[in-house]
Amino acid sequence: MFPLPMPSRNKSRPVSLILGVALVATLLRAADMPMPMQPGMGAMPMMAAPAVTAAVAVLAPTQGNEVRGTVKFTKVAGGVHVVADLTGLKPGDHGFHIHEFGDASSTDGAAAGGHFNPAKENHGAPTAEHRHEGDLGNIKADASGHATLDYVDTKLSFDGAASIIGHAVVVHANPDDLATQPTGNAGGRVAVGVIGLAKSG
Ligand SMILES: [Cu+2]
Ligand SMILES: [Zn+2]
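Residues numbered from 1 in each chain as written. Chains lettered and ligands numbered in written order. Predicted model: local features only at pLDDT ≥ 70, side-chain atom pairs only at ≥ 80, totals over all residues.

1. Digging into the pairing of strand S1 (residues 54–61)
- Across six bridges, S1 lies against strand S2 (residues 68–76) in antiparallel orientation. Bridging across to S2, Ala55 finds its partner in Phe73.
- Pairing between S1 and strand S8 (residues 189–197): five bridges, direction antiparallel. Paired with Pro61 across the bridge in S8 is Ala191. (Pairing = 2+ DSSP bridges. Helix = DSSP H or I, 4+ residues; strand = E, 2+ residues; numbered from the N terminus.)

Shown next as structure tokens:
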């Protein structure tokens, strides 16, 4: 083996010296750099987001359906008060859920994804200990297709990863059997509405 030719080493030394100086200069400059903040910002506490206490979903029919209405959610002691009022349904029970995505952009409601399930539970009845957070059970329409629901749900939340805000309410063509995984076998989606912030009180 021959050693590396001297000219190469002689040339490389000044280059590495320059790079070294440049690196030190960069580090010193970074240390001197002010924090990317507005003056005085660091001295003030961060503004906490106001607690969410009310939400609403306005449901619109999917293609070929006439189901529409509102679902209101209000924070109460022990849970969230759910008040729904829908029209245009076939008489009888209809699966009624909160789905994962607040996306009503597809004509069949499919963009709303599956049931909202932040706790990774199985599908179940709204009264079940273990259920998807989005499992609100069924809503029953009378002979004229009008349906109302009024109850306090102990699993729904307005806080953190479990918050229902930004997700979607979906009404189905068929009853939720409260057992079949992971959908309740409730059939097609007849109405979708995104859950948004509402004025409190
Ligand atoms: Cu559903
Ligand atoms: Zn479910």
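Back to the write-up after that little detour.
2. Description of the confidence of the model for the protein chain
- Looking at the protein chain as a whole, its pLDDT mean stands at 86, while 78% of the residues score no less than 70.
- Within the model, pLDDT remains below 50 along residues 1–21, and this stretch shows one contact once partners closer than five positions in the same chain are excluded. (pLDDT = per-residue confidence, 0-100. Contact = placed C-beta atoms within 7 Å.)

3. So, the environment of Gly184
- Position of Gly184 among the secondary structure elements: in the loop between strand S7 (168–172) and S8.
- Sequence separation between Gly184 and Gly95 is 89 residues, and the spatial gap between their C-alpha atoms is 7.7 Å.
- Gly184 has contacts with Gly95, His123, Asp176, Asp177 and Leu178, leaving out every residue within four places of it along the chain.

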